[in-house]
Amino acid sequence: MNRLLTITIAALFLAQTLAIVQAQDENEQTIVDVADGTGSHDTLVAALSHVGLVETLNSEGPFTVFAPTDDAFTEAGIDLTALDNEEGKALLTDILLYHVISGAVPSSAVTDGLVAAAVNGDDLTFSVGEDVMVNDANVVLADVPASNGVIHVIDKVLMPPA
């Protein structure tokens, strides 16, 4: 009986320890790690890699990233192979940085009419009603946590003003 109690306590302790370690691992995932693990942001991660922004979005931050889905990239007609030159990479970098705000902006901080500067220097405008929108994109999933900021999943690729 004493041995069974000892084994049970040891098993409970092990389970709690594993849960804590798993929670720590999840809290140490950067924005790029989280996006890479969703299965619906492969194009975004590939685009970040294509222009050399992975290291930036893996840095300390914090950042807020509006992450278009793979379908959003397809609808926008963005083909990474067609942007495989200096001019194309500069354009893609501008587009991607238009999806990033320096600092963590949770959905609770977003108000109707809020304007925030994207990392590329252009402004993003928010509307809050039945849905939350950034420019003309719907936020389909808000407040996805990462160790260096927050991700809001959107249904369109945001295009910087001309």
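These lines cover the structure that appears in this document, whether it is placed above or below.

The rules behind the values
- Residues numbered from 1 in each chain as written.
- Predicted model: local features only at pLDDT ≥ 70, side-chain atom pairs only at ≥ 80, totals over all residues.
- Heavy atoms only, no water.
- Salt bridge = Lys/Arg side-chain N within 4 Å of Asp/Glu carboxyl O.
- Buried < 20%, exposed > 50% of the residue type's maximum accessible area, 1.4 Å probe, protein only.
- Helix = DSSP H or I, 4+ residues; strand = E, 2+ residues; numbered from the N terminus.

## Thoughts on the pattern of salt bridges
And step 1. Counting across every chain of the model gives 2 salt bridges.
And step 2. Linking Lys89 and Asp84 is a salt bridge whose minimum nitrogen-to-oxygen distance equals 3.8 Å.
And step 3. Accessibility expressed as a relative area gives 32% for Lys89, which makes it partly exposed.
And step 4. Using a relative accessible area of 49% as the deciding quantity, one classes Asp84 as partly exposed.
And step 5. A salt bridge links Lys156 to Asp136; its shortest N-O distance comes to 4.0 Å. Here Lys156 is found in the segment after β7 (149–154), whereas its partner Asp136 is found in the loop between β5 (132–134) and β6 (137–146), with 20 residues between them in sequence.
And step 6. Given the relative accessible area of 35%, Lys156 is considered partly exposed.
And step 7. Owing to a relative accessible area of 44%, Asp136 belongs among the partly exposed residues under this scheme.

## Section: the environment of Glu55
And step 1. One can find Glu55 in helix α4 (residues 54–57).
And step 2. As a C-alpha pair, Glu55 and Val32 span 23 residues in sequence and 8.9 Å in three-dimensional space.

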